[in-house]
Amino acid sequence: MNTNSLGNKNPNLISEKLYSLFLRCSHALSRGHHQSGGMHPSQQRILSLLASSDKITQHDLLDILQIRAASLSELLTKLESKRLINRTKAANNKRSIDVEITDLGEAVAAEYADSHQAVTTKLFSVLSEDEQQLLVQLLSRLIENWHNYHHGLNGNKDSLHGQKDGNDHTANHHDES
């Protein structure tokens, strides 16, 4: 498909095609085409976070994951029922809940980490290393721009254009992790 001819005939057609492709990618990833073990990706992410730290408060997990409190509570309840995590009242603050991984959770997290690397490598193997780097840059730029738009950081919610630096690149205000 020639994108130049698409752009010349109808500039919105390319944007609509991109939007449709993003939805299809999101759907494919969220439906578990990339999963192993039947565990939701958010549960796997929580286990990975807990495996790399001593314990994390439920409030800190909310900040890290950027999800609703009810959603986090549901995820933690499921992990707890599988005996992968424990929740306890924090010693220094009775209103705070500490979340820590169990030995079983550590084993599941380690197994997930091994399989996750293989799966993500396979998912993006169709792209060269340079194409993968370009995709990372483009997606990071889009996410930053969308974040700024939705949080009103550009001062103009009528536009989705990001702030440009002197080199006509979108300024990146957050560290990539």
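Residues numbered from 1 in each chain as written. Predicted model: local features only at pLDDT ≥ 70, side-chain atom pairs only at ≥ 80, totals over all residues. Heavy atoms only, no water.

A. Summary view of the pattern of salt bridges. With the rule as written, the count across this model stands at three salt bridges. The partner of K78 in a salt bridge is E74, and the shortest N-O contact between them spans 3.2 Å. Taken together, the positions of K78 and E74, both in helix α5 (residues 69–81) and four residues apart, correspond to about one turn of that helix. In this structure, the salt-bridge partner of E80 is R87, at a minimum N-O distance of 3.0 Å. What makes E80 partly exposed here is its relative accessible area of 30%. (Salt bridge = Lys/Arg side-chain N within 4 Å of Asp/Glu carboxyl O. Helix = DSSP H or I, 4+ residues; strand = E, 2+ residues; numbered from the N terminus. Buried < 20%, exposed > 50% of the residue type's maximum accessible area, 1.4 Å probe, protein only.)

B. Looking closely at the side chain of Q43. Structurally, Q43 can be placed in helix α3 (residues 41–51). By relative accessible area, Q43 is classed as buried at 5%. One polar contact links Q43 to K82, side chain to side chain, over a distance of 3.4 Å. Residues within four places of Q43 in sequence aside, it is in contact with L75, K78, L79 and K82. (Polar contact = N/O pair within 3.5 Å; in protein donor to acceptor, adjacent residues only side chain to side chain. Contact = heavy atoms within 4.5 Å.)

C. Region of the structure containing the sheet that holds strand β3 (residues 97–101). A sheet is described by the order of its strands in space; here three strands give the open sequence β1-β3-β2, paired in antiparallel fashion. Because the sheet does not close on itself, it has two edges, and the strands there are β1 (56–57) and β2 (85–89). Where β2 meets β3, five bridges bridge the pair, whose relative direction is antiparallel. When the sheet's bridge partners are listed, T88 is paired in β3 with D98. (Pairing = 2+ DSSP bridges.)

D. Quick peek at the confidence of the model for the protein chain. For the protein chain, the mean per-residue pLDDT works out to 81, and 76% of the residues sit at or above 70. The least confident element of the protein chain, judged by mean pLDDT, is helix α1 (residues 3–9) at 51; the most confident is α5 at 96. Contacts of residues 1–7 to residues separated by more than four positions or lying in other chains number six contacts, the stretch itself having pLDDT below 50. Per-residue pLDDT stays below 50 along residues 157–177; that stretch engages in 29 contacts with residues further than four places along the chain or on separate chains. (pLDDT = per-residue confidence, 0-100.)

E. Here's a closer look at the packing of α3 against helix α4 (residues 58–65). At their nearest, the axes of α3 and α4 sit 12 Å apart, and the two run at 120° to each other. As judged from the angle between their axes, α3 and α4 are oblique. Crossing hand, α3 versus α4: right-handed. Contact residues: α3 offers R45, I46 and L49, while α4 offers L61, I64 and L65. (Axes fitted to C-alpha atoms, helices over the stretch in contact; angles between N-to-C directions. Parallel < 35°, antiparallel > 145°, perpendicular 65-115°, else oblique. Left-handed = near helix turned anticlockwise from the far one by under 90°.)

F. Just the packing of α3 against α5, in detail. It is at 10 Å that the axes of α3 and α5 come closest, and there the two elements cross at 75°. When the axis of α3 is compared with that of α5, the two are roughly perpendicular. Between α3, through S42, Q43, I46 and L47, and α5, the contact on the second element is made entirely by L72, L75, L76, K78 and L79. A class-by-class count of the residues in the contact of α3 with α5 yields six nonpolar, two polar and one charged. (Nonpolar A, V, L, I, M, F, W, Y, C, P; charged D, E, K, R; others polar.)

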